[in-house]
Each structure stands twice: as structure tokens, then as C-alpha cells.
Amino acid sequence: MNLLNAHRQAMKFLQSALLWVPCCAALAQPLPLDVLHWWTSSSEQLAVDQLKAHLLFNGMRWKDAAIPGGGGMAAVKVLKSRVLLGDPPDVAQLIGTTLTDWNDMGLVMPLNNVANRQRWSQTLFPTVMKLVTYKGVVIAAPLGIHRINTLIYNRHVFAKLGLIPPANWEEFELVAQKLSAQGVKPLAWSDEAWQIATVFESLLLGEVGPAQYRDLIVKRKSPAWLEPGIEKALTRLRWLRNLSGDTPRERAWTDATRDILDESAAMVIMGDWAKGELMAWGASPEKDFGCAAMPGTHKMHLYSVDTLAMLWNSHKRTSAQEKLAELVVASPTQLAYNRVKGSVPVRTDVDAANLDSCARDSWTTFATPGNVLAPSLAHRMAADEATKDAVAQILWRFAISPTMTTKEAQRRLALAVRTP
Ligand code: GAL
């Protein structure tokens, strides 16, 4: 699938679309809002462009303070140093526990007025509303819901070899065997710690089920990490990692995703921002690639919700910050942003028929009562930054070094999750 031309055309279209966005608002030259985030890949930039366009249409400007680094590893550190230097941005991509931590330090502006005016509690998914509400105060504007337990496969490769997306691990093993026999690498992989953690939590959910996942990840019950289900999940993680050969390779998530585009691998396990990226490169979720739930996680949604927090600083831009919060949650922005980002709207009043096949499945799974909604540890929905990093480091060490036994990894994980 050589899609370079399609990609160029898509970029041209977007650039011209942005030029059409209001002349007159731009003339007013409002002071820009300084926004710290980690969206720097092709699709992430397109998604930010959508936000900028909607803001500009409403007479506001967005100035990027974009810190590259998948999963926000570097951005979180830069934010910390800016705060220490007394120069917090106006807006920051703070998600999950980083949000509540910064709020506890008095840095985050409450958004109850906006939320009440816009009836967020009626229009947003209850899980999302709960996530942005802390001690009764609304502390962030939600942008989109990513599904972490996503298996993306190349439709052309699967069709050529008569394969269907695997629904369980037995099927996955068969598919992997057939692909290997034809000289196709079954799974794109990166040894970056946050990406290993992203794969692991998806397979953990499928392996141990939602109740034990909750004990392990949300309640962080230390002894639960010593149970046999974890050993199975760790063994599976190492097996998946070894499908890619022995040499550790820490690649950006975009490189692992590109393997699917150029057919150097048939599948990738990644949050659905990878879908957004493939689309930004011109690939279509209906024709070129497909999304399936990670084996064993049908009807489960392992989520990460992207949110923007408005920070207190000396710029005194409260009304612009509130306006931004209002705009990003409004339906038109939600649809435009999520369409390119790969995530799905945080709103319940969406017509799923208008979403692409991956998004439709994600949004419907999230919206259907009785389905499992599980928070992501790797993406800060369940534990503080230090615990998340400690867990990711252990998983990384375990995945790349054959000498660490599963028992040893379990012992270390049980220690790492213990609440202080
Ligand atoms: C996640 C974030 C996504 C995406 C991804 C890759 O943490 O929620 O929006 O950007 O990292 O950087």
C-alpha cells in the first residue's frame, strides 16, 4: 500500500481547510493561549490543528508548547520544570492521576461554571465525568477516549493469506504461525517501556478478567500480583515480544505503526491513536486495516481519556481558558478532533453510524451498559506517575532480559504497586 500521495493530498486538504477558517477572527489577533502537550506525530498534529481551527473560529488562538515523546514521558517532566520555574502554561495535557496530583498542589483552575452551563453531567459519559471531577470540583475538559485493548491488522495481508482477526489466544497463535510460515512478521513491536506496559495491561485484562484486573490495577492489592494468572500474562508478554526476534529495539510508536502500513508486520497492539496515525498517512480503516479487540477482551474497553487542564498563572486569562474548555467539549469540535486523533467523543449524544468502523466499535463498547470499562495503568488512569513508571520498568526489564523469571517479575511487581 503505497499511500504517500494520498497522505500528501490529505495534508493539502487540511492546510487549505485551515486557510478558510475565519479571516476576521484572525484579524483581531487575540493573545494566544500557551498549551503544553505531547501531540507531535502526523495524526496528533492534525488533531491539534482541528482544535486550533475551532478556537480561531471563535476568536481565540492556541500557541503550541509541544514536547515530543510518546505517552507524554517527556512532557510531564517539562511541565514539572516550568511549574518550578514559576512559568506554568495556560493549558496542559494533564491526564488521569497527573491531573489530580497537580490539582492537589493548587495549580488547576476549577471548571464548574463551564460544566454547569454546558450540562456536562448530562452530555458526557458518566465514567468521563467522574474522571474529570475531583472532590466535587470539575478540573479538566475531556477531549477523547482512547481504547488501549486494540489489535490493528493489515487487511490486505490477512486477505491474501485467508486469515481472520483472532478473537482468542489459540487463534492468535495459529495466525502468528501462518504469518511466520509465509515470511511475514506477525507483530510490530517496540521495546519502549510505556509501549510494553500498554501491551501488558491489555493482555492482563483478557487473562485475569475485570474483577482481578481491578484488584491488581485499581485497588493495587499487592498479594494479587503473585497469583498464577499474572504468571500466564507475563509468559504471554514474553512470547509476544519474542515474535520480533532477540535484539531489543526501542522504537517510537509511530515506527511500530508504520510496519502495518508498509506491510513489514501484519498486526500491532497499541491504543487506537495508531489508527489515527495510519489514517493520517492515507490508510483507511475500512479498506486497508482493521481494528479488533485484543484477544479475550471482547466487550471490554480498557480506556485512557485525554484531558486538558487550565492552569493558574500570572497571565490571568481565565475567561479565554474557560472558553477553550467549553469549545473542546462542544459537539462539532469533538467530532472533528476525534475523527483524526483516533479516539472517540466523550459525549453520549453521538450518532455512531457516522464513525469509522474502529471508532464505532470503541464508542459502542464504551456506551453499552453492562460492558467492562477498565482504566489504563500505563496511561495514568489508575495510579500515580511513580507507580506507573515502576511497573513499566519492571515489565520492560522482564520482556527484554531472558534471565528474569516470571516469579521474580511478580515479586517485584507486587512490591511496586504497594501504596505508600
Ligand atoms: C497517550 C495519549 C494519546 C497519544 C499517545 C501516544 O498517552 O493519551 O493521546 O498521544 O499517548 O503519544
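All values reported here derive from a predicted model rather than from experimental measurement.

Peer 1: Would you explain the overall build of the chain in this entry?
Peer 2: Within the chain, the regular secondary structure consists of 19 helices and 11 strands. On the principal axes, the C-alpha backbone points of the chain span a range of 60 × 55 × 40 Å. Burial status across the chain gives 57% buried among its 420 residues. In the chain, of all internal contacts separated by at least 6 residues, the share reaching a separation of at least 24 is 78%. As presented, the chain carries roughly 17400 Å² of accessible surface, and 56% of it is formed by carbon and sulfur atoms. Across the chain, 45 positive and 39 negative side-chain charges occur, with their mean positions spaced 2 Å apart.

Peer 1: I tried to follow the packing of aromatic side chains on my own but got confused; where do I start?
Peer 2: Within a pair of aromatic rings, the relevant descriptors are the distance that separates the centres and the angle that separates the planes. A complete count under the given rule lists eight aromatic pairs for this structure. With 4.9 Å between their ring centres and 40° between their planes, Tyr153 and Phe158 make a pair best called tilted. Note on accessibility: Tyr153 and Phe158 belong to one class, buried. Pairwise contacts between aromatic rings join Phe125, Tyr303, Trp363 and Phe366 into one cluster. When the ring centre of Trp239 is taken as origin, the NZ or CZ atom of Arg236, which lies over that ring, is 5.6 Å away.

Peer 1: Looking at this structure, how should I read the environment of Arg317?
Peer 2: Inspection of the secondary structure assignment puts Arg317 in the loop between β10 (300-310) and α15 (318-329). In this structure Arg317 comes out as buried when scored by relative accessible area, which is 15%. Separated by 270 residues in sequence, Arg317 and Ala47 place their C-alpha atoms 24 Å apart. Those residues in contact with Arg317, other than ones at most four positions away along the chain, are Leu31, Pro32, Leu33 and Asp90.

Peer 1: For this particular structure, what's the right way to read the site of the ligand?
Peer 2: Contacts to the ligand come from 13 residues, most closely from Glu44, Gly71, Asp306, Lys341 and His379. Contact distances for the ligand include 2.7 Å between an oxygen atom and a side-chain N or O atom of Lys341. A distance of 2.9 Å separates an oxygen atom of the ligand from a polar side-chain atom of His379. Protein coverage of the free-state accessible area of the ligand, which is 300 Å², stands at 100%. In terms of residue class, the shell around the ligand is made up of five nonpolar, five polar and three charged. Two domains share the shell around the ligand, each providing at least three of its residues, namely domain 1 (3-146 + 305-361) and domain 2 (150-302 + 362-416).

Peer 1: Hey, could you run me through the side chain of Thr97 in this one?
Peer 2: Topologically, Thr97 is positioned in helix α5 (residues 97-104). The exposure class assigned to Thr97 is buried, which follows from its relative accessible area of 14%. Apart from residues lying up to four places away in sequence, Thr97 is in contact with Arg380, Ala382, Ala383, Asp384 and Glu385.

Peer 1: So what exactly am I meant to see when it comes to the sheet that holds strand β9 (residues 289-293) here?
Peer 2: Two strands in a sheet stick together by hydrogen bonds in their backbones, pointing the same way (parallel) or opposite ways (antiparallel). In space, the three strands of this open sheet follow the order β8-β7-β9, with antiparallel pairing throughout. Edge strands, defined here as strands with exactly one partner in the open sheet, are β8 (267-269) and β9. The average undirected angle you get between the axes of adjacent strands in this sheet is 25°. Bridge count for strand β7 (residues 150-154) against β8 is three bridges, and the pairing is antiparallel.

Peer 1: Just checking my understanding: could you explain the packing of helix α12 (residues 228-242) against helix α19 (residues 406-416) for this structure?
Peer 2: Angle between the axes and distance between the axes: these two values describe a pair of packed helices. Where α12 meets α19, the closest approach of the two axes is 10 Å, and the angle between their N-to-C directions is 115°. The hand of the α12/α19 crossing is right-handed. Contacts from Ile230, Glu231, Leu234 and Thr235 of α12 reach α19 at Thr406, Lys407, Ala409, Gln410 and Leu413. Each residue belonging to the contact of α12 with α19 can be placed in one class, and the counts come to four nonpolar, three polar and two charged.

Peer 1: Teacher, can you tell me more about unusual backbone geometry here?
Peer 2: Of all residues except glycine, most have a negative phi; of all peptide bonds, most are trans. In this model, Lys135 sits at a positive phi of 50°, which is unusual for a non-glycine residue. Relative to the helices and strands, Lys135 is located in the loop between β4 (133-134) and β5 (137-138). The class of Lys135 is exposed, set by a relative accessible area of 68%. Its identity as a non-glycine residue notwithstanding, Arg380 has a phi of 70°, on the positive side. By the secondary structure assignment, Arg380 is in the loop between β11 (372-375) and α18 (385-400).

Peer 1: Just checking my understanding: could you explain the pairing of strand β1 (residues 32-37) for this structure?
Peer 2: A regular strand places its side chains on the two faces of the sheet in alternate fashion. Of all six residues making up β1, five are buried, and the element is well covered by its neighbours. Across six bridges, β1 lies against strand β2 (residues 61-66) in parallel orientation. Opposite Leu33, over in β2, you have Trp62 as the bridge partner. As a crossover connection, the stretch from β1 through helix α3 (residues 42-57) into β2 is right-handed. The pairing of β1 with strand β3 (residues 91-93) spans two bridges and is parallel. Among the inter-strand pairings, Val35 is bridged to a residue of β3, identified as Val91.

How each quantity is defined
Residues numbered from 1 in each chain as written. Predicted model: local features only at pLDDT ≥ 70, side-chain atom pairs only at ≥ 80, totals over all residues. Heavy atoms only, no water. Helix = DSSP H or I, 4+ residues; strand = E, 2+ residues; numbered from the N terminus. Buried < 20%, exposed > 50% of the residue type's maximum accessible area, 1.4 Å probe, protein only. Contact = heavy atoms within 4.5 Å. Areas by Shrake-Rupley, 256 points an atom, 1.4 Å probe, with all protein chains shown as cover. Lys, Arg positive; Asp, Glu negative; His and termini not counted. Charge placed at Lys NZ, Arg CZ, Asp CG, Glu CD. Phe/Tyr/Trp six-rings, centres within 6.5 Å; stacked < 30°, edge-to-face > 60°. Lys NZ or Arg CZ within 6 Å of the ring centre and 35° of its normal. Near = heavy atom within 4 Å. Polar contact = N/O pair within 3.5 Å; in protein donor to acceptor, adjacent residues only side chain to side chain. Nonpolar A, V, L, I, M, F, W, Y, C, P; charged D, E, K, R; others polar. Domains from an automatic or database assignment. Pairing = 2+ DSSP bridges. Axes fitted to C-alpha atoms, helices over the stretch in contact; angles between N-to-C directions. Left-handed = near helix turned anticlockwise from the far one by under 90°. Right-handed = clockwise from strand over helix to strand, strands pointing away.

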